[in-house]
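Residue-level structural notes
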Amino acid sequence: ETGGVAAMGRAAGLSRRTLERRFLAATGGTPAAALRRARLEAARAMLAETTLSVAEVAERCGYRETQRLGEALRAETGMGPREWRAARGAGAAVLR
């Protein structure tokens, strides 16, 4: 994926390890897990609320490959992107 934990550390002016230690102390979790959750939450919203292609959703949410989005969504929900969209009645908004 793009823009990972190392990029977060650079943006905060911290080494990756320092960011991880401080993040864990503050939240009880890792920055990598928080980033995965945020990407997946954004992808679920885009799938439900737009008619963007699955590939476009994956790209906009930071997944290098569409397959990775599918794997993440399946692991979390038991459904692939198209199934998730169908179950949520894909929104009419188009973000192009």
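Structure's up top.
The structure contained in this document is the topic of the report that follows. (Residues numbered from 1 in each chain as written. Predicted model: local features only at pLDDT ≥ 70, side-chain atom pairs only at ≥ 80, totals over all residues. Heavy atoms only, no water.)

**Some points on the nonpolar core**
Quick note on the threshold: Among the buried residues, those of types Ala, Val, Leu, Ile, Met, Phe, Trp, Tyr and Cys that are joined through side-chain atoms within 4.5 Å form a nonpolar core. Residue exposure (1.4 Å probe, protein chains only): buried if accessible area is under 20% of the type maximum, exposed if over 50%, otherwise partly exposed. What makes two residues a contact is simply this: any of their non-hydrogen atoms within 4.5 Å.
By size, the foremost hydrophobic cluster in this structure holds 14 residues, and its most contacted members are Leu47, Val57, Cys61, Tyr63 and Leu69. Sequence-distant contacts of Cys61, defined by excluding residues within four places in its chain, comprise Arg39, Ala42, Ala43 and Met46.

**Some words on the layout of surface pockets**
Summary: where empty space remains is shown by rolling a probe the size of a single water molecule over the atoms. Stated formally: Cavities and pockets are found on a 1 Å grid laid over the protein atoms alone: a cavity is a set of points where a 1.4 Å probe fits but cannot escape, a pocket is an open set with protein on both sides within 12 Å along at least five of seven lines, and a lining residue has an atom within 4 Å of such a point. Grid points are joined across faces, edges and corners, and a volume is the space filled by probe spheres set on the points. Each helix corresponds to a stretch of at least 4 residues labelled H or I by DSSP, and each strand to a stretch of at least 2 residues labelled E; elements are numbered beginning at the N terminus. Residue polarity follows a fixed list, in which Ala, Val, Leu, Ile, Met, Phe, Trp, Tyr, Cys and Pro are nonpolar, Asp, Glu, Lys and Arg are charged, and the others, Gly among them, are polar.
The calculated volume of the largest pocket comes to roughly 200 Å³. Taken together, 12 residues make up the lining of the largest pocket; nearest its centre are Arg36, Arg37, Leu40, Tyr63 and Ala72. Going through the elements one at a time, helix H3 (31-49) and helix H5 (66-77) are the ones with two or more residues in the lining of the largest pocket. Per element, the largest residue contribution to the lining of the largest pocket is 6 residues, and it comes from H3. Here the residues of the lining of the largest pocket sort into 3 nonpolar, no polar and 9 charged.

**Observations concerning the packing of helix H1 (residues 5-12) against helix H2 (residues 16-27)**
Going by this rule: Think of each axis as a best-fit line through the C-alpha atoms, taken over the contacting stretch in the case of a helix, with angles from 0 to 180 degrees between the N-to-C directions. Roughly parallel means an angle under 35 degrees; roughly antiparallel means over 145; roughly perpendicular covers 65 to 115; every other angle is labelled oblique.
Running from amino to carboxyl end, H1 crosses H2 at an angle of 90 degrees, the nearest separation of the two axes being 8 Å. The angle between H1 and H2 falls in the class roughly perpendicular. Seen from H1, the contacting residues are Val5, Ala6, Met8 and Gly9; seen from H2, they are Arg16, Leu19 and Glu20.

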